[in-house]
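# Structural overview
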Amino acid sequence: MHTILYLPWQGRTQLAPCSSSESKFKGCTSNHYTATLEASVPSKQRLPKKVMALEVTQILLNAQSVDGSVRKHAEESLKQFQEQNLSGFLLSLSGELASDEKPVDSRKLAGLILKNALDAKEQHRKYELIQRWLSLDVGVKTQIKTCLLQTLASPIPEARSTASQVIAKVAGIELPQKQWPELIGSLLSNIHQVPVHVKQATLETLGYLCEEVSPDDVEQDQVNKILTAVVQGMNSSEASNDVRLAATRSLYNALGFAQANFTNDMERDYIMRVVCEATLSPEVKIRQAAFECLVSISSSYYEKLAPYIQDIFNITAKAVREDEEPVALQAIEFWSSICDEEIDVLEEYGGDFTTAVSDIPCFYFIKQALPALVPMLLETLLKQEEDQDQDEGAWNLAMAGGTCLGLVARTVGNDIVPLVMPFIEENITKPDWRQREGATYAFGSILEGPSPNQLTPLVNVALNFMLTALTKDPSNHVKDTTAWTLGRIFEFLHGSTMETPIITPANCQQIITVLLQSMKDAPNVAEKACGALYFLAQGFEDVGPSSPLTPYFQEIVQSLLTVTHREDAGESRLRTAAYETLNEVVRCSTDETVPMVLQLVPVIMMELHQTLEEQKLSSDEREKQNELQGLLCGCLQVIIQKLGASDPTRYAFMQYADQIMNQFLRVFACRSATVHEEAMLAIGALAYATGPDFAKYMPDFYKYLEMGLQNFEEYQVCAVTVGVVGDICRALEEKVLPWCDGIMTQLLKDLSSNQLHRSVKPPIFSCFGDISLAIGENFEKYLMYAMPMLQSAAELSSHTSGADDEMIEYTNLLRNGILEAYSGIFQGFKNSPKTQLLIPYAPHILQFLDLIYLEKDMDEVVMKTAIGVLGDLADTLGSNAGSLIQQSLSSKDFLNECLSSDDHLIKESAEWAKLAISRAISV
């Protein structure tokens, strides 16, 4: 059965236009909402109707006053009204929005408050608002919705647009509940109205509606009618540009609903024809919106594009060469999006030689377009803007073209090199900076994708030239791009895995000298030079006991510290880049430079101390101080990890431990989320380095640990703190016991909270395992709380049918956290007389392992942890587990699958589990 796009109009119903002063819909008259307002006031204070209606207008205007006290008073009045009489409040706002006699500003704010009463960013708050709306009186909701629909006919564009968004929010709540079934029908009947602005507002509403509602909540017949209305509104025969633009923007949101229509050749052809025609509209905003639709189609319906790709190339090439920048940028984005699709497919099937080439769902559009696409992109590289390197948020034709060229290189690999090299050779020495910069940018863009064997000879020829350009070229732009390109060379073509080294004893000193020299250049160039040094250091990470950087270590560190003190280090992220590079240089250093890393400790501590002494700062200065403290704590974390990695260096470092901990505690006292997080991470490293000695810091540190665990709002801080609890458990082992009641209480609270971001919950479960491993059988008193939590989470995570990729990824994280908890609990109780306490939980755990094995969607990490849990269960419970494992549905199959795994870690865990199980069964 084909889906039908209603191409010829059927059953047209004409609504007579009404003048704006008339009430267009029954049930939304200004005296109604006045009466409602009146009802919210105690009877003795009843005011004349008109005054009360004005009251909400005036309050809304006052809430936008430049006078702070007037504004605050109005905001409090609105809050009070909302709390005391929600129905009256929402009705008043919808009436305000619907009344054309009211000022634009009060109507816009009324609509905004209405919208915020229906939706919120935080999931738990959003859920509360949805429930609140659903529980309102049906009559009240009907009147509000009538007012909203009426507003679509308002002559005031701002009122119509606001109403469109609010209608979509209501639809997002009601349509999934099978409420407001008449909405789409009444919107579609508006499409035939004579006033153009009604048609425009209705199309805009349909677009917002498609953004808010899931395609599953709209019948296919209605989807067809929405798409018909939208695509007809886009037609070149539509006289009004406003209508065409609203329709084109609506299609962008409605494309997710068009799955069935895109499988029907005739309907797809029609949609594609109309979109392609819209890219040729005389109106720039329509052309831009049409290209945005093409970009969306390229990712949603990649496999349907073959018949259209030649036409699309012609349209995009013309736009890139001749159209205004906003349109040209979208035309390039189309090809970047095609690259993304093809890279994903080729990466997915890259190592899979069992799939026949003909079965790989890739159409190689980029490979086919290459001879024409690459020259088009190279042309854009010469359209730079004068100040693009100083502006962090800059995005222009040259940058988009270079980004797309980089994606093309990743898609087609070696094939791009011969197409780009002539352009580079022709332009790299030209007197015009644009040509030199464009050539350098082209070279930097193609360094990821082609094979090192293809690129290394070219880089060897270019390297000397580029080092000279970085110091001598008169153009800041050229130096900026040259430093960036050197960073890309070191990132992709330098490292222990490369057959032919690019950095040799012959050129190493020159490279370092040039990069350190460039760190004194303008901030944008210095920042890129730091980036190049970062990748240079990273490539020497696994070179053995001696690194080519060792002779320059002191000089490099000193240069980077000097950069952090530059007056202009706040520009172009320079200070941040310098610290990040310093961290990488330290992290990748060898034992030879340990004494110099140790000398760095008091230097960074002194810097941190100075930030703590600064008093009476403005809010801007406070923000900069917080950022600097974060960078310094991050630097100390890396140094502590480096020095804590082996006994002799750890012993040398311990002289500073007390002072460092003291400074971290002072940083916490400053209370800032970013610093909190960095200092918390550094304390985790310190706990690992100091081991059982960390116990002496717990009395002072515990309150901040608890504060971190309670920080629901900044959930990253909470997640980091959970990780640090694990570090402390590993460091202190049984010495952590005095703090466990408080920690476990807080972790259980976190798990029960619907306010905490879901990503923090898997690490909390893992943390149960860390605590149990540390305190052993003392975990007994927490079993009655922890185990039910683990069981209910296990049930949730064992059924994933119909889940999307993101949900499956989260489910696997959750399963892994649960399994790590079980593993830690079994290992913690091993050899204890209290192991029998765990026996009642064993059947449920085996059932969980069965379920996730049968779902067939666990990743390798989960597989390894799961087979480990099976082994832990057998190892700890012995004969008590033997018969249960033998009765288990899939333990045997699961074990055999893991024993034959290609992943040696899974295989190793499985061999250990097999041994433990055979011991348990033979007892």
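This text follows the structure it describes.
Definitions and limits used
- Residues numbered from 1 in each chain as written.
- Predicted model: local features only at pLDDT ≥ 70, side-chain atom pairs only at ≥ 80, totals over all residues.
- Heavy atoms only, no water.
- Helix = DSSP H or I, 4+ residues; strand = E, 2+ residues; numbered from the N terminus.
- Rg over C-alpha atoms; globule rule 2.2 N^0.38 Å.
- Buried < 20%, exposed > 50% of the residue type's maximum accessible area, 1.4 Å probe, protein only.
- Contact = heavy atoms within 4.5 Å.
- Areas by Shrake-Rupley, 256 points an atom, 1.4 Å probe, with all protein chains shown as cover.
- Lys, Arg positive; Asp, Glu negative; His and termini not counted.
- Charge placed at Lys NZ, Arg CZ, Asp CG, Glu CD.
- Core = buried A, V, L, I, M, F, W, Y, C linked by side-chain atoms within 4.5 Å.
- Disulfide = S-S within 2.5 Å.
- Salt bridge = Lys/Arg side-chain N within 4 Å of Asp/Glu carboxyl O.

A count of helices and strands for the protein chain gives 43 helices and 0 strands. On C-alpha atoms alone, the protein chain measures out to a radius of gyration of 33 Å, which is about the 29 Å that the 2.2 N^0.38 rule sets for 923 residues. Oriented by its inertia axes, the alpha-carbon framework of the protein chain measures out at about 90 × 75 × 65 Å. For the protein chain, with 923 residues in total, the buried portion stands at 54%. Relative to all contacts within the protein chain whose residues are 6 or more apart in sequence, the contacts with residues 24 or more apart total 73%. For the protein chain, the accessible surface area stands at approximately 41500 Å², while carbon and sulfur atoms represent 52% of it. Averaging the positions of the 73 positive and the 120 negative side-chain charges in the protein chain gives two centres separated by 6 Å.

So, on to the nonpolar core. One recurring pattern in soluble globular proteins is that nonpolar side chains are buried together. Counting residues in hydrophobic clusters, the biggest one holds 299 residues, and the most contacted among them are Trp-335, Val-408, Phe-694, Phe-701, Phe-768, Ile-771 and Phe-779. Other than its neighbours up to four places away in sequence, Val-408 contacts Cys-339, Ile-366, Leu-370, Leu-373, Val-374, Leu-377, Gly-413 and Ile-416.

Here we come to the state of the cysteines. Tallied over the entire structure, the rule returns 0 disulfides. The structure places no disulfide on Cys-339, whose sulfur is separated from the nearest cysteine sulfur, that of Cys-404, by 5.0 Å. Unpaired in terms of disulfides, Cys-718 finds its nearest cysteine sulfur in Cys-767, a separation of 10 Å. A residue is classified by how much of its surface remains accessible, and Cys-718, at 0% relative accessible area, is buried.

What follows deals with the environment of Arg-160. Along the chain, Arg-160 turns up in helix H8 (residues 157-174). Since its relative accessible area comes to 8%, Arg-160 is described here as buried. Between the C-alpha atoms of Arg-160 and Ala-201, which are 41 residues apart in sequence, the distance is 6.0 Å. For Arg-160, the residues in contact, after removing those within four places along its chain, are Thr-151, Leu-152, Ser-154, Pro-155, His-197, Gln-200 and Ala-201.

This part covers the pattern of salt bridges. The final tally for this structure, using the stated rule, is 38 salt bridges. A salt bridge links Arg-287 to Asp-323, with the shortest nitrogen-to-oxygen separation between them at 2.7 Å. In this pair, Arg-287 is assigned in helix H15 (residues 284-300) and Asp-323 in the loop between helix H16 (309-322) and helix H17 (325-350), connecting sequence segments 36 residues apart. With its nearest N and O atoms 2.6 Å apart, the salt bridge here joins Glu-780 to Lys-834.

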